[in-house]
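# Notes for the structure review
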Amino acid sequence: MDTVDRKTRSRIMRSVGQRNTGPEVRLRRSLHRLGLRYRINDRSLPGTPDLVFPRFGAVIFVHGCFWHAHENCKYSREPSSRKKFWHHKFEENKRRDKRNYEALLKNGWRVLVVWECAIGKRDKSRNDKIGVIVKRWLKSKKSFDYIGND
């Protein structure tokens, strides 16, 4: 059961940003401390990746566990109201993500998805560990991977 009325909930959900989210900014800071440089939100690429590393031929998406329906994650759950709407919404998001990954891979880009749950809210050392994992992935030859609390 929701604690606010439908109109208020709608306003809250609309205000959720798509760029410069907390997890994205925390990851960017960690990567910058490691000496990595990147472009952000390149609209010329499918899905407008959050981070683009032209030197490595790689892109990173920082996905919110709720909005992208991260399976078996404590932050991802379908709301109890308007179940049909939300189920459809999450399925569409997953289909769109898959299309974007495939288009990027087809065009020679490597793709990494970092889930929100992997990035600590106030734990700088945890974020730096994720940064090291990302840096290692960038230097690898893997074309696609995920980082999450699985």
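Further up the page is the structure itself.
Here is a short report on the structure shown in this document. Here the structure is a predicted model, which means the values were calculated and not measured.

### Regarding the sheet that holds strand β5 (residues 144-147)
- Pairing is mixed in the open sheet, where five strands are placed in the order β1-β2-β3-β4-β5. Two strands bound the open sheet, and with one partner strand each, they are β1 (39-40) and β5.
- As defined by bridge partners, strand β2 (residues 51-53) adjoins strand β3 (residues 58-63) across three bridges and the pair is classed as antiparallel. From the neighbouring strand, F53 faces β3, where its bridge partner is A58.

### Points about unusual backbone geometry
- One non-glycine residue, T48, adopts positive backbone phi at about 45 degrees.
- Positionally, T48 belongs in the loop between β1 and β2.
- The exposure class of T48 is partly exposed, given its relative accessible area of 21%.

### Things to note about the packing of aromatic side chains
- Under the defined criterion, the tally for this structure stands at 12 aromatic pairs.
- Ring geometry for F85 against W86: centres 5.1 Å apart, planes inclined by 80 degrees, an arrangement best described as edge-to-face.
- For F85, a relative accessible area of 38% translates into the label partly exposed.
- Residue classification places W86 among the buried positions, given a relative accessible area of 10%.
- Relative to Y146, the ring of F144 has its centre 5.2 Å away and its plane inclined at 90 degrees; by these criteria the two rings are edge-to-face.
- Judged by its relative accessible area of 28%, F144 is partly exposed.
- With relative accessibility at 39%, the residue Y146 sits in the partly exposed group.
- Put simply, the rings of F61, Y101, W115, F144 and Y146 touch in pairs and so form one group of aromatic residues.
- In this structure, R82 is placed above the aromatic ring of F85, and the distance from its NZ or CZ to the ring centre is 4.2 Å.
- Note that R110 overlies the ring of W137, its terminal NZ or CZ placed 4.4 Å from the centroid.

So, how was this worked out
- Residues numbered from 1 in each chain as written.
- Predicted model: local features only at pLDDT ≥ 70, side-chain atom pairs only at ≥ 80, totals over all residues.
- Heavy atoms only, no water.
- Pairing = 2+ DSSP bridges.
- Helix = DSSP H or I, 4+ residues; strand = E, 2+ residues; numbered from the N terminus.
- Buried < 20%, exposed > 50% of the residue type's maximum accessible area, 1.4 Å probe, protein only.
- Phe/Tyr/Trp six-rings, centres within 6.5 Å; stacked < 30°, edge-to-face > 60°.
- Lys NZ or Arg CZ within 6 Å of the ring centre and 35° of its normal.

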